[in-house]
Amino acid sequence: MKELKLVTPIMAMRDDELTETDRTLVTKAREATYSSYAPYSRFHVGAAILLDNGEVVTGSNQENAATPSSMCAERTAAYYAHAQYPDAKFMAIAVAARDTNGIEPDEPISPCGACRQALLEFEKLAGKGIRVILAGKRENYILNSVKALVPLAFTEFE
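Residues numbered from 1 in each chain as written. Predicted model: local features only at pLDDT ≥ 70, side-chain atom pairs only at ≥ 80, totals over all residues. Heavy atoms only, no water.

A.B. asks: Just checking my understanding: could you explain the environment of A81 for this structure?
C.D. replies: In this fold, A81 is placed in helix α2 (residues 73-84). Here the alpha-carbon distance between A81 and L143, two residues 62 residues apart in the chain, equals 21 Å. (Helix = DSSP H or I, 4+ residues; strand = E, 2+ residues; numbered from the N terminus.)

In structure tokens form, the structure reads like this:
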């Protein structure tokens, strides 16, 4: 028997250390939290996706009393982006959250497992890593690919 170690490299940066592009994506993700419909969790999430055609598409979580019918911000943005721009490749995604009072968590949040798997499919379509920016009040976490969030990912789709 042997032990394997999985390492996920993450850069931690304050807002003022982000590139202009990343800062814009984080701002758009934070703004998207205000279109969230979260009467049950009161946890408002926004996502912003940069496409290779220069477009930025946003989405927010949309809850429903029938919980399985709810949709996370990341998948809302991803599905809309691909429906509107089917030939565009995803370059980066930023994810932000806040509570009902507008207070952002100190630490960044990360996508749920379903969103990670869905984004992984778009990464495969892109043919390269999708930059992931997880926004927090104190700092942001930056990963070079969705695969870094799912180190033992299911990637055999064909």
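A.B. asks: Would you explain the side chain of D22 in this entry?
C.D. replies: Counting through the fold element by element, D22 comes out in helix α1 (residues 20-32). At 2.7 Å, the side chain of D22 and the side chain of R131 are in polar contact. Those residues in contact with D22 that sit more than four places away from it in its chain are R131 and I133. (Polar contact = N/O pair within 3.5 Å; in protein donor to acceptor, adjacent residues only side chain to side chain. Contact = heavy atoms within 4.5 Å.)

A.B. asks: Teacher, can you tell me more about unusual backbone geometry here?
C.D. replies: Most peptide bonds take the trans form, and the phi angle of most residues other than glycine is negative. A positive phi is found at R42, a non-glycine position, where the angle reads about 60°. Structurally, R42 is set in the loop between α1 and β2 (43-51). A relative accessible area of 53% means that R42 is categorised as exposed. (Buried < 20%, exposed > 50% of the residue type's maximum accessible area, 1.4 Å probe, protein only.)

A.B. asks: Would you mind going over the pattern of salt bridges with me for this structure?
C.D. replies: When charged atoms on two side chains of opposite charge get close, those side chains can pair. Using the criterion set out here, one finds eight salt bridges in the structure. Residue D22 pairs with R131 through a salt bridge whose shortest N-O separation is 2.7 Å. With a gap of 109 residues between them, D22 in helix α1 and R131 in strand β5 (residues 131-134) connect regions that are remote in the sequence. Salt bridges here are not isolated pairs; linked through shared partners, they connect D106, E107, K137 and R138. (Salt bridge = Lys/Arg side-chain N within 4 Å of Asp/Glu carboxyl O.)

A.B. asks: Even after reading the chapter, I still don't get the environment of E74, so can you show me in this structure?
C.D. replies: You can see E74 is positioned in helix α2. Since its relative accessible area comes to 3%, E74 is described here as buried. Along the sequence, E74 and A94 sit 20 residues apart, while their C-alpha atoms lie 8.8 Å from each other. Discounting chain neighbours no more than four positions away, the residues touching E74 are A47, I49, I93, V95, P111, C115 and L119.

A.B. asks: How do you make sense of the nonpolar core when you look at a structure like this?
C.D. replies: For soluble globular proteins, the rule of thumb is that nonpolar side chains tend to be buried together. The biggest cluster of nonpolar side chains holds 27 residues, and the ones touching the most others in it are I49, L51, F90, I93 and V132. Sorting the residues of this core by element identifies β2, α2, β4 (90-99), α3 (113-126) and β5 as the ones contributing at least two each. For I93, the contacting residues outside a window of four places in its chain are A47, A48, I49, E74, L119, I130, R131, V132 and I133. Grouped together as the second largest cluster of nonpolar side chains are 13 residues, L18, V26, L50 and I133 included. (Core = buried A, V, L, I, M, F, W, Y, C linked by side-chain atoms within 4.5 Å.)

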